[in-house]
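Each chain, letter by letter, is given below.
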Amino acid sequence: MDNKDTGKQVSDQILAAFVKTGILSPVKAKTALRVKSKLSPGKTIVDVVKDLKYATSEQLKEVFRSSHLSLRIGDILVEFGYLTPERLRSALDIQKTDIKKQLGQIIIEHQFMSESDFLDALSVQLGFPYVNLSVEDLDTELLNQAPIQWCRSNHFLPVRSKEDKVIVAFADPFDKASIDSARKLYGENLIIAISSPGSIEKYLDQLIEGKTKSRPVIDENTAIGIVNTIISAAIQQGASDIHMEPMKNKLQVKFRIDGILVIYKEFPRDVMAMVTARIKVMSKANIAEKRRHQDGRMSFEDRGNTYDLRVSIYVAIFGEKIVLRVLNRIDQIIHIEDIGMQPKMLECYLRDVLSVPSGVLIITGPTGSGKTTTLYSCLNYIKKPELSIITAEDPVEYVMEGITQCSIDPNINLTYEETLRHVVRQDPDIIVIGEIRDNYSADVAVHAALTGHKVLTSFHTEDSISGLIRLMNMEIEAFLISSTVVCVLSQRLLRKVCRHCAQPYKPSSLELKLLGYAPQDIARYKFMKGTGCPACNYTGYKGRIPVFEMLVLNEYVREAILNHKSSYEIRKISIDTTNLVTLMEDAVSKAVVGITTLDEIFRCVPRLILPRPVPEINRLLGV
């Protein structure tokens, strides 16, 4: 039996239960089924019923619990949107190679969903209420009356009274011995609930001891080992950032890989102070200061390579959160030809932007969009022995030979303002300002360009036009902007489809609507989506690719700036007269050949105007 027939059986069984319990009338059930047949295959019958506002998610879950439907846990996970069908298939594939593990273990271990969400779905399948002990208010009086050691040895926890019954959370609601033990205490007036085994054990341990578990012996060597292991794992996995976040009962470590945070490991809360102290020592931060935020920098040796890490220590309610940025090394500077620009855009960029002797080049985008990488690719292309290049950065992320680099340090009054005042006295040909942060740095950039210097800098704005508008709002005269800015390059980083598990897919009607395309407009293009495999850690994505929007100012755009036109008008003039290709359009050109997905585009790229037809975009980009 194929997936389509199985899906229809699941829908029919669910609708029959909804009708039987009175949630839906037979007419509404037929309507829901008819609507579902016209939607994309990924739309479940539960989604349709909720979208039609026939019932809420909680009402539907109660129907499932009371009806005891013979549905597999995977069907329930998909129906209620906990998992996509692709992720469920990935989990089932993993299970085939590790038959000793249950599906739930695999789903939680591979972070397809949280343990609490899985237990909630499991309670829907099994028909038991779910108790989340992290948010549930337990009845203190009931707990004080309970023999805690008895509860611990039988793996259950009394939660609260409900009318004349007692709700009891079990680690295993089918363990007859545990249920019989609970009934000896509370009689037959028992409501069996399901909860996390680890949460039950932890809660009972705290009650037994009157406090958290006794601290394990942790010496400095243990702290060194933990920190080294975390950083080494992050480097090997290609993480750009390491997050060490203190929580109420644990220290959670996450890595940002391909722009997405993923959980690496959780440690007992007891190690938190030692790990924090170790990192403070390594980054030369004040180890005694725990009330203020701090910054630092450290080096780390791994497999013969030296890495620089930027450290941020942030005081939070459960302790100090630490974020380490793993900075790239010199051998990771990408040649401008390999940066990811389409042929005609690259040709224009090299000819009309990097080869001109003076003016301001602004690279814009949010944090983590690859601005610094692009900036250094530009420097790598234009640096020559006969040119004096000087930088002011906070901090220096790439060390490059042949240029003079300065790392800002406000602790010793080495500020942007102080540094930029001296930069212009160093007889530079090219000035690099790491980021325009205030009116002063913007003013220095513009006036340096006026005196014949080439200035490269970055900005945090949504797109290229917003970069110009923000300069205008920083009290920089319009005539200075129009006469000095050569180019504004906006960019984003999108995750690439994993080539090991890529499969063709057909964009949904909603996706096409967001792009303003009809099905026939994209019929001949091959969209791809990763189904998940070991190579991509079952995410469907591996690596990232940039998308660009390059605005090279011409006379029409300069005149629009002088006349203080709106961003909409400047954008329209730029598209009409400079052949501007928007971020969305560059992204679409990469999605139609299967490099990235429409989901990733909608997640990362601003939708300011609808893209032009794909053939027109490809003509402008030379692909």
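Fair warning: this is a prediction, and the values are worked out from it, not measured in the lab.

Draft legend 1. View of the pairing of strand E11 (residues 389–392). Because side chains alternate across E11, one face comprises the buried residues Ile389 and Thr391, and the other comprises Ile390 and Ala392, equally buried. Of the pairings in the sheet, the one linking E11 to strand E12 (residues 430–433) comprises four bridges and is parallel in character. Considered in E12, the bridge of Thr391 is made with Val432. Assessed by its sense of winding, the connection that carries the chain from E11 through helix H17 (residues 416–423) to E12 is right-handed.

Draft legend 2. Highlighting the confidence of the model for the chain. Here the chain shows a mean pLDDT of 86. Residues at 70 or above account for 95%. When pLDDT is averaged over each helix and strand of the chain, the minimum, 75, is found for helix H9 (residues 140–145) and the maximum, 96, for helix H24 (residues 583–591). Below pLDDT 50 for its whole length, residues 211–220 participates in 13 contacts with residues either more than four positions away or in separate chains.

Draft legend 3. How the structure looks around the packing of helix H15 (residues 343–354) against helix H26 (residues 614–621). Between H15 and H26, whose axes approach to 6 Å, the crossing angle comes to 35°. Taken together, the residues of H26 that come into contact with H15 (itself represented by Pro343, Lys344 and Met345) are Arg619, Leu620 and Leu621.

Draft legend 4. Main features of unusual backbone geometry. Positive phi, normally seen in glycine, also occurs at Asp258, with a value near 55°. Considering the arrangement of structural elements, one finds Asp258 in the loop between strand E5 (250–257) and strand E6 (260–268). We note that Lys284 has phi near 60°; this positive angle belongs to a residue other than glycine. Given a relative accessible area of 75%, Lys284 falls into the exposed group.

Draft legend 5. Fine view of H26. For H26, the complete set of buried residues consists of Val614, Ile617, Asn618, Leu620 and Leu621. Along H26, the residues classed as buried sweep out an arc of 160° about the axis, all on the same side. Tucked inside the fold, the buried residues of H26 contact H15 and H24.

Draft legend 6. Highlighting the UniProt feature "domain: Bacterial type II secretion system protein E" (unreviewed entry) in the chain. Mapped onto this structure's residue numbering, the UniProt feature "domain: Bacterial type II secretion system protein E" (unreviewed entry) falls at residues 424–438. The span residues 424–438 is 0% helix and 27% strand, and its two end C-alpha atoms sit 18 Å from each other.

Draft legend 7. Fine view of the domain arrangement of the chain. The assigned domain composition of the chain is domain 1 (3–126), domain 2 (140–212), domain 3 (223–327) and domain 4 (343–493 + 545–581). Relative to domain 3, the C-alpha centre of domain 1 lies at a distance of 39 Å.

Draft legend 8. Molecular detail of the nonpolar core. Of all hydrophobic cores here, the largest spans 57 residues; its most connected members are Tyr349 and Leu379. With seven residues, the top contributor of residues to this core is H15. When residues no more than four places from it in sequence are discounted, the contact partners of Leu379 are Ile389, Met400, Ile403, Ile430, Val432 and Leu456. In terms of nonpolar packing, the next biggest core, distinct from the first, is built from 41 residues, Val10, Val46, Met113 and Leu119 among them.

Draft legend 9. Examining the state of the cysteines more closely. Across all of its chains, the model carries zero disulfides by this definition. Note on Cys378: no disulfide assigned, nearest cysteine sulfur contributed by Cys487 at a separation of 8.7 Å. Judged by its relative accessible area of 0%, Cys378 is buried.

Draft legend 10. Representation of the packing of aromatic side chains within the structure. Within the structure shown, the criterion is met by seven aromatic pairs. Aromatic pair Phe128 and Phe174: ring centres 5.5 Å apart, planes at 70°, arrangement edge-to-face. A residue pair is termed long-range when its members are at least 10 positions apart, and Phe128 in the loop between helix H8 (115–126) and H9 and Phe174 in the loop between strand E2 (165–170) and helix H11 (176–186) qualify at 46 residues. Overall, the relative accessible area of 55% leaves Phe174 in the exposed class. Through successive ring pairs, a cluster of aromatic residues spans Phe18, Phe64 and Phe80. In this arrangement the basic side chain of Arg495 is found over the ring face of Tyr541, its NZ or CZ atom lying 4.0 Å from the centre. Against the face of Tyr505 rests Lys529, its NZ or CZ located 4.5 Å from the ring centre.

Draft legend 11. Representation of the pattern of salt bridges. Throughout the structure, instances matching the rule amount to 31 salt bridges. The shortest N-O distance in the salt bridge between Asp51 and Lys43 comes to 2.9 Å. Put simply, Arg495 and Glu600 hold a salt bridge, and the shortest N to O gap is 3.2 Å. With Arg495 in strand E14 (residues 485–497) and Glu600 in helix H25 (residues 598–604), the pair connects residues that are 105 residues apart, well separated along the chain. Assigned by exposure class, Arg495 and Glu600 land together as buried. Overlapping salt bridges bring together Glu58, Lys61, Glu62, Arg65 and Asp120 as one network.

Draft legend 12. Up close: H11. Buried residues of H11: Ser178, Ile179, Ser181, Ala182 and Tyr186, and no others. For H11, the arc enclosing every buried residue in end-on projection is 160°, short of the 170-degree limit, so these residues lie on one face. Away from its buried face by more than 90 degrees, H11 exposes Lys176 and Lys184. On its buried face, H11 is in contact with H9, helix H10 (148–154), strand E1 (156–162), E2 and strand E3 (190–194). Residue Asp175 occupies the N-cap position of H11, its side-chain oxygen lying 3.1 Å from the main-chain nitrogen of Ala177. Gly187 occupies a position one or two residues after H11 and carries a positive phi of about 70°.

Draft legend 13. Spatial organisation of the sheet that holds E11. Taking strand neighbours across the sheet as the criterion, the six strands line up as E11-E12-E13-E10-E14-E17 in an open arrangement whose pairing is mixed. One side of each edge strand has no neighbouring strand; the edge strands of this open sheet are E11 and strand E17 (541–552). On average, adjacent strands in this sheet sit at an angle of 20° to one another, irrespective of strand direction. Relative to E17, E14 is paired through 10 bridges, and the arrangement is antiparallel. When the sheet's bridge partners are listed, Val488 is paired in E17 with Leu551. Packing of helix H16 (residues 371–382) onto the sheet brings it into contact with strand E10 (359–364), E11, E12, strand E13 (454–459), E14 and E17, and relative to E13 it is tilted by some 165°.

Draft legend 14. Broad picture of the sheet that holds E2. Taken in spatial order, the three strands line up as E1-E2-E3 in an open sheet, and their pairing is mixed. Each edge of the open sheet carries a strand with a single partner, namely E1 and E3. The average undirected angle you get between the axes of adjacent strands in this sheet is 30°. Here E2 pairs with E3 via five bridges, running parallel. By the bridge assignment, Ala169 is partnered in E3 with Ala193.

Draft legend 15. Representation of the environment of Leu468 in the model. Looking at the element boundaries, Leu468 is found in helix H19 (residues 464–472). Remark: the alpha-carbon pair of Leu468 and Glu585, spanning 117 residues in sequence, is separated by 20 Å. Apart from the residues lying within four places of it in its own chain, the contact partners of Leu468 are Ile481, Val485, Val488, Leu551, Leu553, Val557, Ile561 and Ile570.

Calculation criteria
- Residues numbered from 1 in each chain as written.
- Predicted model: local features only at pLDDT ≥ 70, side-chain atom pairs only at ≥ 80, totals over all residues.
- Heavy atoms only, no water.
- Buried < 20%, exposed > 50% of the residue type's maximum accessible area, 1.4 Å probe, protein only.
- Helix = DSSP H or I, 4+ residues; strand = E, 2+ residues; numbered from the N terminus.
- Pairing = 2+ DSSP bridges.
- Right-handed = clockwise from strand over helix to strand, strands pointing away.
- pLDDT = per-residue confidence, 0-100.
- Contact = heavy atoms within 4.5 Å.
- Axes fitted to C-alpha atoms, helices over the stretch in contact; angles between N-to-C directions.
- Arc of directions from axis to C-beta.
- UniProt positions renumbered as here; feature names shortened; annotations may be inferred.
- Domains from an automatic or database assignment.
- Core = buried A, V, L, I, M, F, W, Y, C linked by side-chain atoms within 4.5 Å.
- Disulfide = S-S within 2.5 Å.
- Phe/Tyr/Trp six-rings, centres within 6.5 Å; stacked < 30°, edge-to-face > 60°.
- Lys NZ or Arg CZ within 6 Å of the ring centre and 35° of its normal.
- Salt bridge = Lys/Arg side-chain N within 4 Å of Asp/Glu carboxyl O.
- Polar contact = N/O pair within 3.5 Å; in protein donor to acceptor, adjacent residues only side chain to side chain.

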